[in-house]
Amino acid sequence: MAVSFSNEALASDGAADSSEPVQLYTAGTEAPWGSEAPAATELTAGFEKRFPGGTMIQVELRRPADPFSLTVLFGPSGSGKSTTLRCLAGLEKPERGIIRFGDEIWSDAARGIFLPPQRRRIGYLFQDYALFPHLRVAQNIGYGLGQVAPPERRQRIEEIVALLGLTGLDDRYPRQLSGGQQQRVALARALVCQPRLLLLDEPLSALDAPTREHLRRQLRRWLVELRMSTILVTHDPIEALALGDHVVVFEAGRVRQSGSVQQVFSAPVDLAAARIVGVDTIERGSIVQVAGGLATVQVGPQQLVALAPPRCSGRLDGDVYVCIRAEDVVLEKKGANLPQSSVRNHLLGHIQSLDREGPMVRVDLDCGFPLKALLTNQAQQNMELRERDEIVALVNASAIHLITGDGSR
């Protein structure tokens, strides 16, 4: 059986155009939904893809070998994320390197091996969903199940329609659906053939903010329920944090860092990775002392206490970059009775500006060095914060990440 995704319309309702759309999944007889956990299989990829004009994408990727995992390819637009996904799908052909899924070699440039998309048994969701405009919802979802017997075909469509909350929409056309409903139909079409691996290219980017927030919460629940290992492309840090187990950070066609969501976002390996994952405060400093696993760092006129970098002991005279996320900064009005706590850094400063960001307020502080904080609108109102107010910023030592040397790897 095969599930097909193409931007090309069919010639007439129910009849295929002469140009056959890309086949993205083929398989034999699969077990029903949830009948057994899929075997752990590892995807490894090390390849190069060059484009006219000299642009080079160089990828080293290893997907965690879990029955379910969601790996996020994260980075700014044009950094190589979608090209990587297309190479994994077989929609682009690398000039060098190998892509392997378990014991299968999908691509090996040196040996002339290149499995077409239909033999990789994957599901692929395009950014624009690529729904056939003249086919109804049920026809769009079941398009790739042409080889399946009608009873099983109906059962699969009914199951995925119920799971994704599309009940009652079977007879509608794509133009009669909201953006969120179209996204779910496209996802249903990618899932109905039970692929071994699901590839999602910016699946929520075309949606309005409320719909995107709602479906972000739903998407991971659906994938966990289906035990569907997934690789997802996004440039949205909230999406990466909410959905991902494993994150691969891209910049200028190369992988800068990979690891767990917590590791990558809280401990970037260099300045480029820190800026890409959205660290709000990045300031140059120097370590003046290391003792008991803690480093004392001079930043302008201030001394901060942070967790010492690995393998550091004694006194250091090296430069570092101090990284602090805005959400890790707690603010208190000067003169307030501060409760006893283990927070080591109490920084007196002034508010430079307050900028609303939806339900949050971003606060720019001058604490002898620029420092950013993030708090709720309600907290800002309760504290009656205004520009030029004196404020105390509390930062835990564990919330300060130090990048040693010149900030590069």
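Structure: above.
Residues numbered from 1 in each chain as written. Predicted model: local features only at pLDDT ≥ 70, side-chain atom pairs only at ≥ 80, totals over all residues. Heavy atoms only, no water.

1. Considering the overall build of the chain
In step 1: Across its full length, the chain holds nine helices and 23 strands.
In step 2: Counting across all 409 residues of the chain, residues that qualify as buried make up 49%.
In step 3: Accessible area for the chain stands at about 18,900 Å²; split by element, carbon and sulfur atoms hold 47% of it. (Helix = DSSP H or I, 4+ residues; strand = E, 2+ residues; numbered from the N terminus. Buried < 20%, exposed > 50% of the residue type's maximum accessible area, 1.4 Å probe, protein only. Areas by Shrake-Rupley, 256 points an atom, 1.4 Å probe, with all protein chains shown as cover.)

2. A short note on the sheet that holds strand β22 (residues 390-395)
In step 1: The strand order across the open sheet formed by five strands is β18-β22-β19-β20-β21, and the pairing between neighbours is antiparallel. Every interior strand has two partners, whereas the edge strands, β18 (329-333) and β21 (370-376), have only one. Within the sheet, the average angular offset between the axes of one strand and its neighbour, ignoring direction, is 45°.
In step 2: Sheet topology places strand β20 (residues 360-366) next to β21; seven bridges connect them, and they run antiparallel. (Pairing = 2+ DSSP bridges. Axes fitted to C-alpha atoms, helices over the stretch in contact; angles between N-to-C directions.)

3. A closer look at the environment of Leu145
In step 1: Within the secondary structure layout, Leu145 lies in the loop between α2 (137-141) and α3 (150-163).
In step 2: Leu145 gets classed as buried once you look at its relative accessible area, which sits at 0%.
In step 3: Distance in space between the C-alpha atoms of Leu145 and Val192 is 8.2 Å, their sequence separation being 47 residues.

4. Things to note about the environment of Ala306
In step 1: Along the chain, Ala306 turns up in strand β16 (residues 302-307).
In step 2: What makes Ala306 buried here is its relative accessible area of 0%.
In step 3: For Ala306 and Leu294, which are twelve residues apart along the polypeptide, the C-alpha to C-alpha distance reads 5.6 Å.
In step 4: Excluding residues that lie within four positions of it along the chain, Ala306 makes contacts with Gly293, Leu294, Ala295, Ala397, Ile400 and Leu402. (Contact = heavy atoms within 4.5 Å.)

5. A closer look at the sheet that holds strand β15 (residues 294-299)
In step 1: Strand order in this open sheet of five strands is β16-β15-β14-β17-β23, and the pairing throughout is antiparallel. At either end of the open sheet lies a strand with only one pairing partner, and these are β16 and β23 (400-404). Across the sheet, the mean angle from the axis of one strand to that of its neighbour is 45°, orientation sign disregarded.
In step 2: Note that strand β14 (residues 281-291) and β15 share five bridges and pair antiparallel. Of the residues in β15, the one forming a bridge with Val290 is Ala295.

6. Remarks on the nonpolar core
In step 1: In terms of nonpolar packing, the biggest core is built from 53 residues, with Ile141, Ile160 and Leu187 touching the most fellow members.
In step 2: Here this core takes six residues from helix α4 (residues 179-191), the largest share from any one element.
In step 3: If you look at the next biggest cluster of nonpolar residues, it comprises 30 residues, including Ile351, Cys367, Phe369 and Ile400. (Core = buried A, V, L, I, M, F, W, Y, C linked by side-chain atoms within 4.5 Å.)

7. What about helix α5 (residues 209-226)?
In step 1: When the terminal C-alpha atoms of α5 are compared, their 26 Å separation across 18 residues agrees well with the 26 Å that a helix rising 1.5 Å per residue should span.
In step 2: What α5 keeps buried is the set Leu215, Arg216, Gln218, Leu219, Trp222, Leu223 and Leu226.
In step 3: Elements in contact with the buried residues of α5: β5 (70-74), α3, α4, β10 (197-201), β11 (230-234) and α6 (237-243).
In step 4: Taken from the residues just after α5, Arg227 is the one with a positive phi, measuring 55°. (Expected span 1.5 Å × (residues − 1).)

8. Observations regarding the side chain of Asn140
In step 1: Mapped onto the elements, Asn140 comes out in helix α2.
In step 2: Here Asn140 falls in the buried class, since its relative accessible area comes to 1%.
In step 3: Reaching out from Asn140, the side chain makes a polar contact with the backbone oxygen of Leu135 at a distance of 2.9 Å.
In step 4: Dropping the residues within four chain positions of it, Asn140 is found in contact with Leu131, Phe132, Leu135, Pro174, Val185 and Arg189. (Polar contact = N/O pair within 3.5 Å; in protein donor to acceptor, adjacent residues only side chain to side chain.)

9. A word on the pairing of strand β17 (residues 319-324)
In step 1: Judged by how many residues are buried, β17 sits mostly within the fold: five of six residues are covered.
In step 2: Sheet topology note: the β14/β17 ladder contains six bridges and is antiparallel. The partner of Arg284 across the bridge, within β17, is Tyr321.

The values reported here are purely geometric and, on their own, carry no functional implication.
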